[in-house]
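Spelled out from the first residue to the last, the chains are:
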Amino acid sequence: ASRDSEGKTPAQPDYLDRFIEAKTADPTITDTQMVGWAMINIAAGADTTAISIRSALYYALRTPGAWARLRAELADAGLTPTRVEHPSIVSLKQARRLPYLEAVVCEAIRYLPGVSLGLERYVPAGGQRLPSQHGPGSSSLDSYSSVPQGTILAFNPYIINRNRGVWGADAHAFRPERWLRGEGESSDGLARRLRAMNDADLSFGAGSRMCVGKHVGLMPVYKVVATLALCYDVELVRPEREWTVVGSWFPRQEGLEVRMKRRGG
């Protein structure tokens, strides 16, 4: 309680303030529940955010031209290690003005989702009709498969994010440019393509089950990747060696070893 007044104003309530409001409105809510809610805020998103940051760094460093293009975009935006809103930290506002940075982050999350296994769901009464495709790369939705009620279904983000019918023939390649306007592509064409990719991307879930912390989780990814690219010279220790990714609920990455050197102002 003594710390709660430090640097806070009633006009800017935090999560704990909201939890206390909820308890006041509903006395059945216990202190233990409030502590549990607060702990979820601390723990949730830590692994997935770290996975996304590692993926963006690793694949950008391994992909010819990607890291250099990211550094060039920062320079073109007028950012230097001494020209950021806070010392050596790129703000979210600055980071979101960098389209290639956004492309790198989006592609890293598509390529290796922080949660790479699907949440199971039960098919409701009456069954469910799911569209069937007609072979690799096909996006035809002309036929459907009937799934009986009670069946357990899960949609794997890792697999769906490599669907060639959505992501193109190079869906198994890390290519940030797929999120940018292609040569000769109209703005309407780009909008349609981005809409199709975003609709198919289950990295954060979809619909009513979408991760409520998506935007909070993405914030440090943009900021950390931009800050590292801006303030440090980074290179892989063994660029010829691929890292190891162990498939699990959270994909476990091993072997991201880099050399870092602080850049001057």
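Residues numbered from 1 in each chain as written. Predicted model: local features only at pLDDT ≥ 70, side-chain atom pairs only at ≥ 80, totals over all residues. Heavy atoms only, no water.

### Here's the deal with the UniProt feature "binding site: heme" (unreviewed entry) in the protein
The sites that UniProt annotates as "binding site: heme" (unreviewed entry) are Cys-211. Here Cys-211 shows up in the loop between α9 (187-200) and α10 (214-231). You can call Cys-211 partly exposed: its relative accessible area is 37%. (UniProt positions renumbered as here; feature names shortened; annotations may be inferred. Helix = DSSP H or I, 4+ residues; strand = E, 2+ residues; numbered from the N terminus. Buried < 20%, exposed > 50% of the residue type's maximum accessible area, 1.4 Å probe, protein only.)

### Some points on the layout of surface pockets
Its volume calculated, the second largest pocket comes out at about 420 Å³. If you go around the second largest pocket, you meet 22 residues; those closest to its centre are Cys-106, Trp-179, Asn-198, Asp-201 and Lys-214. Contributions of two or more residues to the lining of the second largest pocket are made by α6 (99-111), α9 and α10. With 6 residues, the single largest contributor to the lining of the second largest pocket is α6. Tallied by class, the residues present in the lining of the second largest pocket amount to 13 nonpolar, 4 polar and 5 charged. (1 Å grid on protein atoms, 1.4 Å probe; cavity = no way out; pocket = protein on both sides within 12 Å on 5 of 7 lines; lining within 4 Å. Points joined across faces, edges and corners; volume = space filled by probe spheres on them. Nonpolar A, V, L, I, M, F, W, Y, C, P; charged D, E, K, R; others polar.)

### Brief notes about the pattern of salt bridges
Under the definition given, this model contains 14 salt bridges. Glu-177 is the partner of Arg-69 in a salt bridge, and the nearest nitrogen-oxygen pair spans 3.3 Å. On the criterion of sequence distance, the pair formed by Arg-69 in helix α4 (residues 66-76) and Glu-177 in the loop between α8 (164-167) and α9 is long-range, its members being 108 residues apart. For Arg-69, a relative accessible area of 39% translates into the label partly exposed. One salt bridge connects Arg-238 with Glu-257, and the closest N-O pair in it is separated by 2.4 Å. (Salt bridge = Lys/Arg side-chain N within 4 Å of Asp/Glu carboxyl O.)

### What to know about the packing of α4 against α6
Interhelical geometry of α4 versus α6 gives an angle of 145° and a closest axis separation of 8 Å. Every residue of α6 that contacts α4 at Ala-66, Arg-69, Leu-70 and Glu-73 is listed here: Pro-99, Tyr-100 and Leu-101. Split by residue class, the contact of α4 with α6 holds 5 nonpolar, no polar and 2 charged. (Axes fitted to C-alpha atoms, helices over the stretch in contact; angles between N-to-C directions. Contact = heavy atoms within 4.5 Å.)

### Section: the side chain of Ser-116
With respect to the helices and strands, Ser-116 occurs in the loop between α6 and β1 (121-122). At 2.9 Å, the side chain of Ser-116 and the backbone oxygen of Pro-113 are in polar contact. Dropping the residues within four chain positions of it, Ser-116 is found in contact with Asn-156, Pro-157, Tyr-158, Ser-248, Trp-249 and Pro-251. (Polar contact = N/O pair within 3.5 Å; in protein donor to acceptor, adjacent residues only side chain to side chain.)

### Here we look at the packing of aromatic side chains
Across all of its chains, the model carries 9 aromatic pairs by this definition. Measuring from ring centre to ring centre gives 4.0 Å for Tyr-58 and Trp-243, while their planes differ by 10°; the resulting arrangement is stacked. Of the two residues, Tyr-58 sits in helix α3 (residues 46-62) while Trp-243 sits in the loop between β5 (232-236) and β6 (244-246), which places them 185 residues apart along the sequence. Geometrically, the ring pair formed by Trp-167 and Trp-179 is tilted, given 5.8 Å between the ring centres and 50° between the ring planes. Here Trp-167, found in helix α8, pairs with Trp-179, found in the loop between α8 and α9; they are 12 residues apart in sequence, far enough to count as distant. Here Trp-167 and Trp-179 have matching classes, each one buried. An aromatic cluster of at least three residues, connected via ring pairs, comprises Tyr-58, Tyr-59, Tyr-111, Phe-174 and Trp-243. The lysine or arginine in question, Arg-96, covers the ring of Tyr-222, its NZ or CZ lying 4.4 Å from the ring centre. (Phe/Tyr/Trp six-rings, centres within 6.5 Å; stacked < 30°, edge-to-face > 60°. Lys NZ or Arg CZ within 6 Å of the ring centre and 35° of its normal.)

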